[in-house]
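# Inside the fold
Here's the letter readout for the chains.
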Amino acid sequence: MKSGIVCLVGRPNVGKSTLLNNILGQKVAITSPKPQTTRVNLEAVYEDDRGQIVFVDTPGIFGKVVDSLSKRINPRAEQALSRHVDVVIYMVDHTREKDFEENKAIGIVRKIKAPKILVINKSDVRTPTYIVQYKFLEEEFDRTIEISALHRKNLNTLLEAIFELLPEGKPMVDTKDMVQPGLNIESKTFLAEIIREKAFLFLRREVPYRVTAIVDEVVERGSGALYIKARILTTEDRYKAMIIGAGGVMIKEISMASRKELETATSKKVFLDLTVETNEHWMDFV
Ligand SMILES: Nc1nc2c(ncn2[C@@H]2O[C@H](COP(=O)(O)OP(=O)(O)OP(=O)(O)O)[C@@H](O)[C@H]2O)c(=O)[nH]1
Ligand SMILES: [Mg+2]
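From a predicted model like this one, the values you see are computed outputs, not experimental measurements.

### Topic: the pattern of salt bridges
With the rule as written, the count across this model stands at 22 salt bridges. The closest approach of N and O atoms between Glu102 and Arg11, which form a salt bridge, is 3.1 Å. One end of the pair, Glu102, is in helix H4 (residues 100-110); the other, Arg11, is in the loop between strand E1 (2-10) and helix H1 (16-24), with 91 residues separating them in the sequence. Accessibility expressed as a relative area gives 0% for Glu102, which makes it buried. Taking the shortest distance from any N to any O, the salt bridge between Glu160 and Arg50 comes out at 3.0 Å. You can see Glu160 sitting in helix H6 (residues 155-165) and its partner Arg50 sitting in the loop between strand E2 (42-48) and strand E3 (51-57), a full 110 residues away along the chain. Overall, Glu160 belongs to the partly exposed group, its relative accessible area being 41%. Using a relative accessible area of 26% as the deciding quantity, one classes Arg50 as partly exposed. A single salt-bridge network, built from bridges that share partners, covers Arg11, Asp99, Glu101 and Glu102.

Pasting the structure below:
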């Protein structure tokens with residue numbers, strides 16, 4: 001059987017986390033239309049009768065590192081690649097021009113010796129397209145595959161290619177005792193990520209980059225329902241006011257959307273107690 005570590009890298013927003021979720025057939029990573037949604041390297045295990053793949057989803061490689069959050073996040077893709085990796089998936093979005101940021105990401109990938117697959121994502125979108133700019137990269141890669149991560153197009157072809165390039169070996173992770181699909185994060189962190197995804201969705205401009213979410217308590221009530229106590233942390237009082245919104249409309253929207261998805265994720269009825277707090281140091285713990 002085949003087994004190994006497959007690292008997903010690329011610019012922000014190309015669809016890395018969407019691909020991971022749709023290969024696993026289960027949401028493990030949050031996604032959003034805003035760049036730098038993923039903040040930490042996330043591992044998740046895929047298994048079938050061909051073997052086992054440990055996928056590592058990484059934060060998008062940002063061109064201009066301006067604020068302290070992206071300074072912390074940006075080196076993480078490179079850190080994931082500096083560990084042992086069996087196959088690198090370099091994902092590009094053909095609907096965006098190949099610019100300075102892309103070249104920076106390519107420079108990082110070029111240094112890696114492992115077999116590489118160029119994945120051209122968002123094939124469901126016809127225009128605009130800059131696919132010609134990306135086709136030039138083909139010769140540097142072992143395979144080039146066009147997919148639509150969102151619409152699950154060509155994912156089997158991609159999996160075939162990954163298994164071909166992976167070495168023969170024993171499974172690296174014992175998923176028997178783990179909650180499928182063998183995520184490397186705790187369940188409270190996973191639930192907090194769902195809340196952060198909804199904050200990302202509703203908040204505008206720089207505010208999504210000034211927030212994080214923490215789950216403090218998960219208690220199962222007698223009725224089988226879950227009581228979840230969580231906080232959204234932000235750096236300044238003025239952001240706190242925006243997150244709460246006039247008459248509390250914004251926090252209500254974030255809470256409602258979060259609760260709905262927390263119920264799907266846990267298959268339980270959820271009571272969510274969500275508050276907003278100013279804490280200028282939260283970035284130190286991300
Ligand atoms: N049309 C289309 N949109 C896609 C496709 N794949 C992903 N997207 C969208 O692209 C946006 C970014 O997706 P993510 O999966 O969060 O991207 P990412 O590469 O993980 O981004 P970072 O975590 O910020 O690095 C989301 O709005 C997705 O719905 C696709 O195949 N087609
Ligand atoms: Mg992501």
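### Quick word on the packing of H1 against H6
The geometry of H1 relative to H6 is characterised by a closest axis approach of 11 Å and an angle of 90 degrees between their N-to-C directions. In terms of their interaxial angle, H1 and H6 are classed as roughly perpendicular. Facing Leu19, Asn22 and Ile23 of H1, the residues of H6 in contact are Leu155, Leu158 and Leu159. The residue inventory of the contact of H1 with H6, partitioned by class, reads five nonpolar, one polar and no charged.

### Describing the UniProt feature "domain: Era-type G" (unreviewed entry) in the chain
UniProt feature "domain: Era-type G" (unreviewed entry): in the numbering of this structure it lies at residues 2-168. Overall, residues 2-168 shows 30% helix and 24% strand. The separation of its end C-alpha atoms is 4 Å.

### Details of the sheet that holds strand E6 (residues 143-146)
The six strands lie next to each other as E2-E3-E1-E4-E5-E6, forming an open sheet whose pairing is mixed. Looking at which strands have only one partner, the edges of the open sheet turn out to be E2 and E6. Within this sheet the neighbouring strands show an average axis-to-axis angle of 25 degrees, counted without direction. One ladder, built from four bridges, connects strand E5 (residues 116-121) with E6; its direction is parallel. Its bridge partner lying in E6, Val119 is registered against Ile145.

The rules behind these values
- Residues numbered from 1 in each chain as written.
- Chains lettered and ligands numbered in written order.
- Predicted model: local features only at pLDDT ≥ 70, side-chain atom pairs only at ≥ 80, totals over all residues.
- Heavy atoms only, no water.
- Salt bridge = Lys/Arg side-chain N within 4 Å of Asp/Glu carboxyl O.
- Helix = DSSP H or I, 4+ residues; strand = E, 2+ residues; numbered from the N terminus.
- Buried < 20%, exposed > 50% of the residue type's maximum accessible area, 1.4 Å probe, protein only.
- Axes fitted to C-alpha atoms, helices over the stretch in contact; angles between N-to-C directions.
- Parallel < 35°, antiparallel > 145°, perpendicular 65-115°, else oblique.
- Contact = heavy atoms within 4.5 Å.
- Nonpolar A, V, L, I, M, F, W, Y, C, P; charged D, E, K, R; others polar.
- UniProt positions renumbered as here; feature names shortened; annotations may be inferred.
- Pairing = 2+ DSSP bridges.

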